[in-house]
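Given next are the chains, with one letter for each unit.
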Amino acid sequence: MKALFGLVAGFAAAALLAVALRARDGFAVLVLPPWRVEMSLAAALLVVGVAFALVYAALRLVGHAVALPAEVRAWRARRARERGQAALAAALRAQMEGRHARAEQAAARAYEAGVEPSLAALLAARAAHELGAHERRRAWLERVEAGPFETARRLAQAEFALADRDPEAALAALEAAEAKGGRSVALLELRLRAARAAGHWETVLATAAALARRGALAPAAFEQARSQALIALFERAAGDAHAFEERWRRTPLEALGQAQVAKAAARAANSVGRADLAREALERALAKDWSAELLERYAELPAALDPEARRREALVRIERAEGWLGERPRDGALLAALGRLCAEAELWGKAERYLEAALSFASSPQIERALGQLAERRGDAAAAAGHYRSAAGA
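Computed from a prediction, not measured in an experiment: that's the story for all the values here. (Residues numbered from 1 in each chain as written. Predicted model: local features only at pLDDT ≥ 70, side-chain atom pairs only at ≥ 80, totals over all residues. Heavy atoms only, no water.)

**Some remarks on the side chain of E150**
With respect to the helices and strands, the residue E150 is situated in helix α6 (residues 150-163). Residue E150 is classed as buried on the basis of its relative accessible area, which comes to 7%. Among the polar contacts listed, one links the side chain of E150 to the side chain of R154, at a separation of 2.9 Å. Once you skip the residues sitting within four places of it in the chain, E150 turns out to touch E145 and K180. (Helix = DSSP H or I, 4+ residues; strand = E, 2+ residues; numbered from the N terminus. Buried < 20%, exposed > 50% of the residue type's maximum accessible area, 1.4 Å probe, protein only. Polar contact = N/O pair within 3.5 Å; in protein donor to acceptor, adjacent residues only side chain to side chain. Contact = heavy atoms within 4.5 Å.)

Next comes the structure, spelled out in structure tokens:
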């Protein structure tokens, strides 16, 4: 459209100039001794215009000829960039489709074309990793430049280290990535996996909590990770009173509602003679998840307690358990636990009654042996022998 308007304007200007010159009788003289040229003003203007056009066209032609090599180089670079971008897109598509060999080849073409070389090298490294080509994976990772892709490179290193069962190397890479790019959800997820594999349970607790706060870890998964870490930490603290008390102080009370955590805490508490804390842990778990296994643990007292302390602790637990019995009068596991606790408190008659009541709901070799021991204590050898035979038969 612009060219059309220019052409019309040119014709209009020529027509106006022709009309204007017809009304004048002027002429132009060009003298170049020994020649003299005389012509009308219109003809002179026409000659000047044609000469200007020819000179302009010649200069343009020379300019295009001079610029032609640079234009060819630019065209070739543009074509190479377009091919590199197409190769990078093909690498991404092949990687997402699981065609890792094709992805590595396409990423290599993109890298050679110089299109996002760090991204292409990272894609090639991931594809080589999926193919199990560790040497090529390492070589591609080394080509990823530091700077914008440093965090991505470290995350890839951590993921590869986890696949190679080297969680310590993964944690080191993640620490470097965090120093460069902060904490992303992907980084925290990898750290949770690496810390679990390495047995760094304090890190597991902190990382799982961070993921849960961001909504990146489902409540069930968070509870599972926290329970696993707390169980391991309580087992590690067993036998060390200071370590146990520190771990107990830092454990959220609601976590003790998990049966496995409560049992681990109770075992650790018993190992350092803290029967009161073992009792608290088991009572919290029983309030949330009533089970025969927890009741069996509830009837266990620390071996390190002296006889008087054992008796006092047994009486406290008996009082609590008899409160539960009012709500669950036909619970055989509860009756058996009460029988064992009464025996610890040297309440022989109550112990025998509770154990016999428990036996009426379900036969158990443990209950039969406990009744045999009570019969021996009161001197009834025949009854003791009968209970022991029943225990062996069961």
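**Focus on helix α11 (residues 241-250)**
Among the residues of α11, those classed as buried are F244, R247 and W248. Within α11, the buried residues cover an arc of 100° as seen down the axis, which keeps them to one side. Exposed residues lying more than 90 degrees from the buried face of α11 are H242 and R249. (Arc of directions from axis to C-beta.)

**So, the nonpolar core**
Within the largest apolar cluster, 62 residues are counted, with the highest numbers of intra-cluster contacts made by V204, F234, F244, W248 and W324. Excluding anything up to four places from it in sequence, V204 contacts L192, A195, R196, A225 and A229. Counting residues in hydrophobic clusters, the runner-up holds 20 residues, among them A90, V115, A121 and L122. (Core = buried A, V, L, I, M, F, W, Y, C linked by side-chain atoms within 4.5 Å.)

**Looking at the packing of helix α15 (residues 307-327) against helix α16 (residues 332-344)**
Between α15 and α16, whose axes approach to 8 Å, the crossing angle comes to 155°. Looking at the two axes, α15 sits roughly antiparallel to α16. The interaxial crossing formed by α15 with α16 has left-handed handedness. Here R310, R311, A314, R317, I318, A321, E322, W324 and L325 of α15 come into contact with α16, specifically with L334, L335, L338, L341, C342 and E344. In terms of residue class, the contact of α15 with α16 is made up of 10 nonpolar, no polar and five charged. (Axes fitted to C-alpha atoms, helices over the stretch in contact; angles between N-to-C directions. Parallel < 35°, antiparallel > 145°, perpendicular 65-115°, else oblique. Left-handed = near helix turned anticlockwise from the far one by under 90°. Nonpolar A, V, L, I, M, F, W, Y, C, P; charged D, E, K, R; others polar.)

**Let's talk about the packing of aromatic side chains**
Under the criterion given, the structure shown has six aromatic pairs. Judged by centre distance (6.1 Å) and plane angle (50°), the rings of F234 and F244 are tilted. Of this pair, F234 sits in helix α10 (residues 219-237) while F244 sits in helix α11, and the two are 10 residues apart along the sequence. Residues W290 and W324 carry aromatic rings whose centres are separated by 5.4 Å and whose planes lie at 90° to one another, so their mutual orientation is edge-to-face. Of this pair, W290 sits in the loop between α13 (275-288) and α14 (292-298) while W324 sits in helix α15, and the two are 34 residues apart along the sequence. Look at W324 and you get buried, because its relative accessible area is 7%. Here the aromatic residues F234, F244 and W248 are joined through ring pairs into a cluster of three or more. (Phe/Tyr/Trp six-rings, centres within 6.5 Å; stacked < 30°, edge-to-face > 60°.)

**Thoughts on the confidence of the model for the protein**
For the protein, per-residue confidence averages 85 on the pLDDT scale, and residues scoring 70 or more make up 90% of the total. Of all secondary-structure elements in the protein, the lowest mean pLDDT belongs to helix α1 (residues 2-22), at 63, while α10 reaches the highest, 95. (pLDDT = per-residue confidence, 0-100.)

**Brief notes about the side chain of R226**
Within the element layout of this structure, R226 appears in helix α10. Discounting residues that sit within four places of it in the chain, R226 has contacts with L205, P252, E254 and A255.

**Digging into the pattern of salt bridges**
This model, assessed by the stated rule, comprises 26 salt bridges. Between R126 and E159 there is a salt bridge, with the nearest N and O atoms lying 2.9 Å from each other. Highlighted residues: R126 in helix α4 (residues 117-130) and E159 in helix α6, separated in sequence by 33 residues. Note on E159: relative accessible area 27%, which makes it partly exposed. The salt bridge partner of E293 is K263, with a shortest N-O separation of 2.6 Å. Of this pair, E293 sits in helix α14 while K263 sits in helix α12 (residues 259-271), and the two are 30 residues apart along the sequence. Owing to a relative accessible area of 37%, E293 belongs among the partly exposed residues under this scheme. Residues joined by salt bridges that share partners form a network here, namely E135, R138 and E142. (Salt bridge = Lys/Arg side-chain N within 4 Å of Asp/Glu carboxyl O.)

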